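Architecture and fold: a report
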Amino acid sequence: MESLQQFLPQVWFFILGLFLFLYVLLDGFDLGVGILSLTASSEERRSILMTSLGNVWDANETWLVLMGGSLFGAFPLAYATILNALYLPAVIMVVGLILRAVSFEFRENADNKFVWNITFGVGSFVAALGQGFALGSVFEGITVDAAGHFAGGIWDWLTWRSIIVALTLIQAYVLVGSTYLILKTSGELQDTHYRTATIATWTTLAGAVFITVTTPILSEQARALLFTAPMVYIFGLIPLLGGVLIWLLLQSLKNREENTPLIWTFLLFALSFIGLGFLIFPNIIPPSITIYEAAAAPSSLVFMLTFIGFLIPIMLAYNVYNYVVFRGKVAGDSYGE
């Protein structure tokens, strides 16, 4: 039983990380396209951007719902404490997602689309901003009492570092949104997103370098972890691999390749998540509450694992099928002329 109590929380830590990764990756390009729609020079171009999302964006957000439900069942203490600590960022994110959803549907039937265009772009930015503030709390840490309950203030999440993390995440979403649009568009509009992808690569890199450098300087726990074997070798390898992927991404953009920029961007996201996972494990509430302290009873974890285990391949298959069916370029009446 003791080994099971150690093994099951680790499994659920991995599953929750997978759900979060799939959400950030898939809904990330949705949010990125929404933010980029604010810079579209014409209604036709904006319509093309919106059409590229029309058949996939609903499915992408299901990973967020699944992650929230799984966190509640697998780590109830973490669910209560994290939502209490990040109440305002969560509200910011939800408001942004609501604005996106409403504006996306209303825009289709509106005679004057200007208001809904702005609402969609602003909603995408606001949702990404809320997620960035939540991510920033991982680096700042959450203040808890002896029982693991939130003991900080309502504005603890708002620091200069969390602002940098939020802006970096927004740039990362713009990057993945741009590489997605490179795949879905052609002509002058595609050229535009080669440029936005290149700019977003450099701005995301600047933010990532800043976060990587300042984290061990400002966090005693991260410093102790990063400079002890074998973690020092792992965290030494991750920036090297990241540098190689950045170079490959920039070369693919320079050479006007269509498929590989999105692939290199996906791999950069995956590498970032691996590094983040190593940084916080085994904590579920950084920096002090572990997955073993916050986990539900083993019987609950096994019960959930049985059903989630069936659900994951079904959802993955649906997502793959969705993207295969709606693959190809998006076109407008005078598009490409």
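These numbers were taken from a predicted model, which means no experiment stands behind them. (Residues numbered from 1 in each chain as written. Predicted model: local features only at pLDDT ≥ 70, side-chain atom pairs only at ≥ 80, totals over all residues. Heavy atoms only, no water.)

A few words on the side chain of Thr 168. Tracing the backbone shows Thr 168 in helix H7 (residues 160–184). You can call Thr 168 buried: its relative accessible area is 11%. Beyond its immediate chain neighbours, meaning those up to four positions away, Thr 168 contacts Thr 204, Gly 207, Ala 208 and Ile 211. (Helix = DSSP H or I, 4+ residues; strand = E, 2+ residues; numbered from the N terminus. Buried < 20%, exposed > 50% of the residue type's maximum accessible area, 1.4 Å probe, protein only. Contact = heavy atoms within 4.5 Å.)

On to the nonpolar core, then. Grouped together as the largest cluster of nonpolar side chains are 94 residues, with contacts concentrated most on Phe 75 and Ile 284. For this core, the leading source of residues is helix H1 (residues 2–37), giving 18 residues. (Core = buried A, V, L, I, M, F, W, Y, C linked by side-chain atoms within 4.5 Å.)

Once that is clear, we can look at the packing of aromatic side chains. A full pass over the atoms with the stated rule returns 12 aromatic pairs. A centroid spacing of 5.2 Å and a plane angle of 65 degrees characterise the contact between Phe 13 and Phe 281, whose relative ring orientation is edge-to-face. Residue Phe 13 is found in helix H1, and its partner Phe 281 is found in the loop between helix H11 (260–280) and strand E1 (283–285); the two are separated by 268 residues along the sequence. Looking at Phe 13, the relative accessible area reads 16%, which means it is buried. For the pair Phe 21 and Phe 273, a centre-to-centre distance of 5.4 Å together with 70 degrees between the ring planes defines the contact as edge-to-face. (Phe/Tyr/Trp six-rings, centres within 6.5 Å; stacked < 30°, edge-to-face > 60°.)

It is generally the case that most residues other than glycine have a negative phi and that most peptide bonds are trans. For the bond running from Phe 281 to Pro 282, omega is 5 degrees, close enough to zero to count as cis. Within the secondary structure, Pro 282 sits in the loop between H11 and E1. With omega at 5 degrees, the peptide bond leading from Pro 286 into Pro 287 counts as cis. By the element assignment, Pro 287 lies in the loop between E1 and strand E2 (289–290).

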